[in-house]
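Chain by chain, the residues:
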Amino acid sequence: MRLNGWVHRVRDLGGLVFVDLRDRTGLVQVVFDPAIDASLVEQASELRVEYCIAVEGEVRRRRAGAENPKLATGDIEVFAHTLYIFSPSKTPPFQLNEEHLEVDESVRLRYRYLDLRRPGMYQRLELRHRIVKYIRDFLSARGFLEIETPILIKSTPEGARDYLVPSRLYPGKFYALPQSPQQLKQLLMVAGVERYFQIARCFRDEDPRADRQPEFTQLDLEMSFVTQDDILNLIEELYIGMIETCTDKRVLKPFPRLTHEEAIARYGTDKPDLRFGLELHDLSDLLCQTEFQAFRSAIEAGGIVKALCLPNCADYSRKQIDELTQFVKRFGAKGLATIAFSADGVRSPIAKFLSDSELQAIRERTGAQTGDLLAIIADTPKVVNECLSRLRHRMGQELGLADPNLMAFAWIVDFPLLEWDEEEARWNPSHHPFTAPREEDIPLLETDPGKVRANCYDLVCNGHELASGSIRIHQRGLQDKIFHLLGYSDAEIQERFGHLLEAFEYGAPPHGGIAPGIDRLVMLLAGDETIRNVIAFPKNTAMVDLMFGAPSPVSEEQLRELHLRIVHDDEA
Ligand code: ASP
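Not measured: the values here are computed from a predicted model.

Turning to the nonpolar core, a few remarks are in order. Counting 75 residues, the largest nonpolar core has I131, I135, L139, I235, Y239, F409 and W411 as its most contacted members. Here this core gets 10 residues from one element, more than from any other, and that element is helix α6 (residues 228–246). If you look at the next biggest cluster of nonpolar residues, it comprises 26 residues, including L310, F327, V383 and C387.

The next thing to look at is the environment of Y51. Locating Y51 in the fold gives a position in the loop between α1 (38–44) and β4 (52–61). Residue classification places Y51 among the buried positions, given a relative accessible area of 14%. Not counting residues up to four positions away in its chain, the partners in contact with Y51 are G5, W6, V7, E46, I85, S87, P88 and S89.

Further remarks concern the site of the ligand. In the neighbourhood of the ligand, 13 residues make up the surrounding shell, with Q182, K185, H431, H432 and R472 lying closest. Interatomic distance of 2.9 Å between a side-chain N/O atom of R204 and an oxygen atom of the ligand. In isolation the ligand exposes 270 Å². Once the protein is present, 94% of that is buried. Its residues placed into classes, the shell around the ligand shows two nonpolar, seven polar and four charged.

Below, the discussion takes up the side chain of T530. If you trace the backbone, T530 turns up in the loop between α16 (518–526) and α17 (556–561). In contact with T530, other than residues within four places in its own chain, are D211 and M523.

Before going further, it helps to spend a moment on the pairing of strand β10 (residues 215–224). Counting buried positions along β10 yields nine of 10 residues, so the element is predominantly enclosed. Here nine bridges tie strand β9 (residues 195–203) to β10, and the two strands are oriented antiparallel to one another. Of the residues in β10, the one forming a bridge with I199 is L219. Here β10 pairs with strand β24 (residues 511–516) via four bridges, running antiparallel. Along β24, the bridge assignment pairs S224 with H511.

It is worth spelling out the packing of helix α14 (residues 476–485) against helix α15 (residues 490–503) at this point. For the pair α14 and α15, interaxial distance at closest approach is 11 Å and the crossing angle is 150°. As far as their axial angle goes, α15 and α14 are roughly antiparallel. Helix-helix and strand crossings are classified by hand; for α14 and α15 the assignment is right-handed. Counting all contacts with α14, which are made through R476, Q479, D480, F483 and H484, the residues of α15 involved are D490, I493, Q494, F497, L501 and E502. The class makeup of the residues in the contact of α14 with α15 is four nonpolar, three polar and four charged.

Turning next to α15. Here α15 spans only 17 Å end to end across 14 residues, well under the 20 Å set by a 1.5 Å rise per residue. Along α15, the sharpest change in direction is near 85° and occurs at F497. For α15, the full list of buried residues reads I493, F497, G498, L500, L501 and A503. Looking at the buried positions of α15, the neighbouring elements they touch are α5 (182–190) and α14.

Here is what the cut-offs are and how they apply
- Residues numbered from 1 in each chain as written.
- Predicted model: local features only at pLDDT ≥ 70, side-chain atom pairs only at ≥ 80, totals over all residues.
- Heavy atoms only, no water.
- Core = buried A, V, L, I, M, F, W, Y, C linked by side-chain atoms within 4.5 Å.
- Buried < 20%, exposed > 50% of the residue type's maximum accessible area, 1.4 Å probe, protein only.
- Helix = DSSP H or I, 4+ residues; strand = E, 2+ residues; numbered from the N terminus.
- Contact = heavy atoms within 4.5 Å.
- Near = heavy atom within 4 Å.
- Polar contact = N/O pair within 3.5 Å; in protein donor to acceptor, adjacent residues only side chain to side chain.
- Areas by Shrake-Rupley, 256 points an atom, 1.4 Å probe, with all protein chains shown as cover.
- Nonpolar A, V, L, I, M, F, W, Y, C, P; charged D, E, K, R; others polar.
- Pairing = 2+ DSSP bridges.
- Axes fitted to C-alpha atoms, helices over the stretch in contact; angles between N-to-C directions.
- Parallel < 35°, antiparallel > 145°, perpendicular 65-115°, else oblique.
- Left-handed = near helix turned anticlockwise from the far one by under 90°.
- Expected span 1.5 Å × (residues − 1).
- Bend = angle between axes of the 7 residues up to and from the residue.

What follows is the structure, given as structure tokens:
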């Protein structure tokens, strides 16, 4: 038999040379034995890790006691007859044959082609491939067409900055890379396609954040003549089938559906981790008359008081509680009040300000048992929900409630259509400007736009947002009205969206869709902490490709052709 691969490890025992040979399917032990060919053993003793070689030999069962149960091929070994070295290798900049070795990420990304040789990396690429293939097969079987849309296009606003590509042929003009194929897929619906999908690359020029990439992949999908339920049911079936087929993770079924309001009330966030309960409890109505000034003044100022009940944490030390307090302060809380219901009574720095009946009501509302610790915050709804949802998330992990093998999905529905932007003093779309308002809320567009609910949905899983979508506006008049509400002038509407509005005048079907992110999904299914691990060639957290050194300067000649001149900050 002939094997091609890389030298994973060499052990030269003086007489015998053992080589662990690696290819994409795994490892096998190759033996160079002087009894077969002494000069071959000499050649083999020159091998070093990561040499790329071919070996011909004979498969033999290992002698009893020499099996390696950790290897799939651990019962056999290959006795080599020939050895061919395709390429030697320099000593790699980091060790590739140790599974749990921590390697600095910038070195990994600089030598990504070596990093991808490390244990588990090929499996990640393979998992991603199987997931994408499952999606393609599933949708193809249901009459969807996969259609490519352009990468060089005009600005397609999804709330981020565009990447621009200067035009050589049209001085001063630019293409934009799509933030998503949103308008194109809507135009495909006007074109009568009815069921479209694409594994689409999207580009958004946003400021660096821990787990953000300037380009990312979505399953982009759109359907005509459907209701919100049709889309939710389709995606739910897709995800359940995909996860059960491609992974050994457990999925909670069916996916619960929560309104945005309910999600905020119960979990303080619209992307709750539902692998565990730990719901928030609103205490505001119980405490509006309280003597405790910090609570009362927060409520009087329009704020709320909410509690999180931490099971079996009543014996937390001063130090542990200080640590939790520092944690919530990072997200804007002024402090954290605690009540411990320990076996020997109530321990709480605020108990003396609360009446017995208030304490009793709080205990009943939160369902706190003996042994539990209440964490309470009083502030504006935004601060309370943000801080307690962060604390809930953290404690879910710390208390071991977040089962890594469980995928707890939920649909979040009924988002508000618009959000008020305090700084800019104007409305922004909570999803994007093409989202349809709920039919019965349309009259409110005139009177109370903030109250209008959208036909819009998010899919969340284990505390991550995995997809957003909506039923779209397909009437020119309504779309115009929304653009005006968002503060666009007639000229801007015409210039940026004229093509879409015009298309709506030619028999546009009702339509809607969704765009689940692929990177984050694969990350969760691979049990990873960062999407960079499931992207073959990611940029680092500073948006730099360390292998190519991109972005990079270009030649004067290229700039001239593109009619561009670089203005350095000090000249600007
Ligand atoms: N285009 C949207 C996005 O990228 C998703 C959608 O509405 O289908 O977030």
